[in-house]
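Listed below, chain by chain, are the residues.
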Amino acid sequence: MAQISIIGTGNMGRAISAVAAKGNNGVEMLGKDDLDKPVTGDIVVLAVPYPAVDPVLAQRSGQFDNRIVVDITNPLNFETFDSLTVPADSSAAAEIAAKLPRSRVLKAFNTTFAGTLSEGAVGPLTTTVLIAGDDADAKAALVGVVTAAGLKAIDVGSLHRAREMEAIGFLQISLAANEKVPWTGGFGIVN
């Protein structure tokens, strides 16, 4: 079992908290009013919108050292929903990793909606969480959290794959925002 710190108390933070708790992991949720509470988890989930990442990193300077940090963000332009806001050869996860050199940064949960995490299903399929990162032990720890909750997890490769994951997340959010698919829907993987 792992100790998970979730920074962010919105829908995704609550859904990831429920997933972690279902697998008998310890969970602490830290919101905007909890700046006096230090991060204690071995795994820290950044469950905040991408524009909030830099302020969170600044407010909690040094608290991510020697921890697994999970970036769930989709760095899209929330005004137009028409583009990602990071360079084409980068990703939000890569930018976060550069700012946290003493952390093991993973990309995960950004290709699922809160509803599919909570339900554990996308239509008739079990919800699958894609995970990218450069540290095999960190990925294995997160896979353990996800699968202990009855969900599927796929290691998609190095952190470089985060760019493609963010494109999938962007497409899914754009479709839902334009009412082409429901916020309770999403992409499923059959294996």
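The coordinates are above.
I will try to describe carefully the structure that is included in this document.

What counts and what doesn't
Residues numbered from 1 in each chain as written. Predicted model: local features only at pLDDT ≥ 70, side-chain atom pairs only at ≥ 80, totals over all residues. Heavy atoms only, no water. Buried < 20%, exposed > 50% of the residue type's maximum accessible area, 1.4 Å probe, protein only. Helix = DSSP H or I, 4+ residues; strand = E, 2+ residues; numbered from the N terminus. Pairing = 2+ DSSP bridges. Right-handed = clockwise from strand over helix to strand, strands pointing away. Axes fitted to C-alpha atoms, helices over the stretch in contact; angles between N-to-C directions. Contact = heavy atoms within 4.5 Å. Expected span 1.5 Å × (residues − 1). Core = buried A, V, L, I, M, F, W, Y, C linked by side-chain atoms within 4.5 Å.

Turning our attention to the pairing of strand β4 (residues 68-71). With burial as the criterion, each face of β4 is covered, one bearing Ile68 and Val70 and the other bearing Val69 and Asp71. As paired elements, strand β3 (residues 43-46) and β4 share 4 bridges and run parallel to each other. By the bridge assignment for β4, valine 44 is matched with valine 69. Assessed by its sense of winding, the connection that carries the chain from β3 through helix α2 (residues 53-59) to β4 is right-handed. Where β4 lies against strand β5 (residues 104-108), 4 bridges are found, and the strand directions are parallel. Note that in β5 the partner of valine 70 across the bridge is leucine 106. With helix α3 (residues 92-99) bridging β4 and the parallel β5, this β-α-β connection has right-handed handedness.

It is worth spelling out the sheet that holds strand β8 (residues 128-133) at this point. Reading across from one edge, β2-β1-β3-β4-β5-β8-β9 is the order of the 7 strands in this open sheet, with mixed pairing throughout. What marks the edges here is a single partner per strand, and that holds for β2 (26-30) and β9 (152-157). Averaged over all adjacent pairs, the angle separating strand axes in this sheet is 25°, with direction ignored. Together, β1 (3-7), β2 and β3 form the strand contacts of helix α1 (residues 11-22), whose direction differs from that of β2 by roughly 165°. Where α3 meets the sheet, it contacts β3, β4 and β5, and its direction lies at approximately 165° from that of β5.

On to α1. End to end, α1 covers 16 Å across 12 residues, agreeing with the expected 16 Å (1.5 Å per residue, within 8%). Of the positions making up α1, those classed as buried are Met12, Gly13, Ala15, Ile16, Ser17, Val19 and Ala20. Summarising the contacts, the buried residues of α1 are in contact with β1, β2, β3, α4 (114-119) and α5 (136-148). Positive backbone phi, approximately 65°, marks asparagine 24, located one or two places after α1.

Moving on, we get to the nonpolar core. Formed by 27 residues in total, the largest nonpolar core has its most connected members in Val45, Val70, Phe109, Leu117 and Leu142. Of all the secondary-structure elements, those providing two or more residues to this core are β1, α1, β3, β4, β5, α4, β8 and α5. With 5 residues, the single largest contributor to this core is α1. Listed in part, the 20 residues of the second largest apolar core include Leu46, Val56, Ala92 and Val105.

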